[in-house]
Amino acid sequence: MAPESPQGLFQNGIRTRFSSVRAAATASIGLFTLALLFAPLQAAALSCTTQAELSPADRDALLAAANPLAAAVASQNMDLLQSSLLPSVTGDWESLRGVAESAKSLLQGGQLQWRNGYLLDATDMKAPADAQFFCTNTDNSMTVTVNLHALPPGKYALVLGDFTGNPLTGQLGMILGFDTKWKLGGLFVREGALGGHDGVWYWSHAREEMKAKHTWAAWFDYDVARWLLLPVDFLSSPNLDKLNTEQLQMTAPSDSLPLTVASTAASDAGKSWKITGLRLDTTLHQPDLGLTYESTGLTDPTASRAEALGVMSGLLHTYPELRANFQGLWAYAEKDGKRTYAIEIPMHDIP
């Protein structure tokens, strides 16, 4: 069975992401601390209206608010964004601006296509609390769950869109809050494609790697797929639950850490390093992996680079399938719990 391609305010369908080996966040900030695991939920009545059930008036009002905000992010119109903030997030403006600035390369030149919209009603809550919204489609065949942490009482909306035509097919997510009119409460951006491929492609490739028993390559391909399928981390759906189940049939690379790798260079015979972390890394908007290792504490740049290169080479000789699946490796050196060095090297430059 082929992976399900999520469909798209507004079309039917949903894309989601579940966190396993944590990917480096492209950018996200907003009114709320957002989480998949949280404390006991608010008991007050909560409701979610899916895009297909929105009244024409609600749909038009959301689009009238979301369209200029999305355009402002793409065009870097910071004045409009700042003037559109919910009062409760004005103190977070510098962080929000940083997210918007990081979105430039992901959105500019693309054509916005709205994918999904959800109207979230928490007006019955008495105080800020964790909230879980169950968003069921019209025929009751699928339920999407939206989990928000420390949500103040009020009326909110979540809108998701894609900037097609941009090489990275930037994904945009916005939380809007109603305060006499719809205003910006949260902003999320992430790549929708890496290395010329979208999340469905990486999902299919993960299955191929799993069949070939390339467990580590398959595991991180699943992580890439999940990263590219949604710009936010606080949704769950049956479609991506399937991806999660497939991935968890394998042993996670994290279960093999720390991993000791030996130098492959004759000049460094006998040297070894301990890798303590390995994850997807999209810092450069490409499918890299980031490894964290226990450094010897070198301070000379040339020697530090050589050490990092030795660790990378040791990892690729242990798991050679990683070389063909990812663009490059980041090495994050740590000494006594403090990061001392970081470098990215393309796979073809690692011996």
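Computed from a predicted model, the values in this text were never measured in an experiment.

Student: Looking at this model, I keep getting lost on the pattern of salt bridges. Mind explaining?
Tutor: Oppositely charged side chains can form a pair if their charged atoms are brought close together. Under the definition given, this model contains seven salt bridges. Among the salt bridges present, the one from Asp179 reaches Lys183, with a minimum N-O distance of 3.2 Å. Of the residues examined, Asp179 reaches a relative accessible area of 30% and is grouped as partly exposed. Exposure remark for Lys183: the relative accessible area of 16% places this residue in the buried category.

Student: Honestly, the packing of helix α5 (residues 199-211) against helix α6 (residues 215-229) in this entry has me stumped. Any pointers?
Tutor: Helices that pack against each other are described as a pair by the angle of their axes relative to one another and the distance between those axes. Where α5 meets α6, the closest approach of the two axes is 8 Å, and the angle between their N-to-C directions is 165°. Judged on the interaxial angle alone, α6 and α5 are roughly antiparallel. In this structure, α5 crosses over α6, and the sense of that crossing is left-handed. Residues Gly199, Val200, Tyr202, Trp203, His205, Ala206, Arg207, Glu209 and Met210 of α5 pack against Ala217, Ala218, Asp221, Tyr222, Val224, Ala225, Leu228 and Leu229 of α6. Its residues placed into classes, the contact of α5 with α6 shows twelve nonpolar, two polar and three charged.

Student: For this particular structure, what's the right way to read the packing of aromatic side chains?
Tutor: Working definition: an aromatic ring pair is given by the centre-to-centre distance plus the angle between the planes. Taken as a whole and assessed by the stated rule, the structure comprises six aromatic pairs. On the basis of an interplanar angle of 10° and a centroid distance of 3.7 Å, the ring pair of Trp216 and Tyr319 is categorised as stacked. Residue Trp216 is found in helix α6, and its partner Tyr319 is found in the loop between α8 (301-318) and α9 (321-325); the two are separated by 103 residues along the sequence. As far as burial versus exposure is concerned, Trp216 and Tyr319 are alike and both buried. Consider the rings of Phe220 and Phe326, whose centres lie 6.5 Å apart with planes at 85°: the pair is edge-to-face. Of this pair, Phe220 sits in helix α6 while Phe326 sits in the loop between α9 and β15 (328-335); the two residues are 106 residues apart in sequence, bridging distant segments of the chain. Accessibility assignment for this pair places Phe220 and Phe326 in one class, buried. For the cation-ring pair, Lys155 lies above Phe178, with the distance from its terminal atom to the ring centre recorded as 5.9 Å. Directly above the ring of Trp227 sits Arg190, whose terminal nitrogen or CZ lies 3.7 Å from the centroid.

Student: What is the right way to look at α6 in this model?
Tutor: Along an α-helix, residues three or four apart share an orientation, since each turn contains 3.6 residues. End to end, α6 covers 21 Å across 15 residues, agreeing with the expected 21 Å (1.5 Å per residue, within 8%). Burial analysis of α6 places 14 of its 15 residues in the buried class, the great majority of the element.

Reading the values: rules and limits
Residues numbered from 1 in each chain as written. Predicted model: local features only at pLDDT ≥ 70, side-chain atom pairs only at ≥ 80, totals over all residues. Heavy atoms only, no water. Salt bridge = Lys/Arg side-chain N within 4 Å of Asp/Glu carboxyl O. Buried < 20%, exposed > 50% of the residue type's maximum accessible area, 1.4 Å probe, protein only. Axes fitted to C-alpha atoms, helices over the stretch in contact; angles between N-to-C directions. Helix = DSSP H or I, 4+ residues; strand = E, 2+ residues; numbered from the N terminus. Parallel < 35°, antiparallel > 145°, perpendicular 65-115°, else oblique. Left-handed = near helix turned anticlockwise from the far one by under 90°. Contact = heavy atoms within 4.5 Å. Nonpolar A, V, L, I, M, F, W, Y, C, P; charged D, E, K, R; others polar. Phe/Tyr/Trp six-rings, centres within 6.5 Å; stacked < 30°, edge-to-face > 60°. Lys NZ or Arg CZ within 6 Å of the ring centre and 35° of its normal. Expected span 1.5 Å × (residues − 1).

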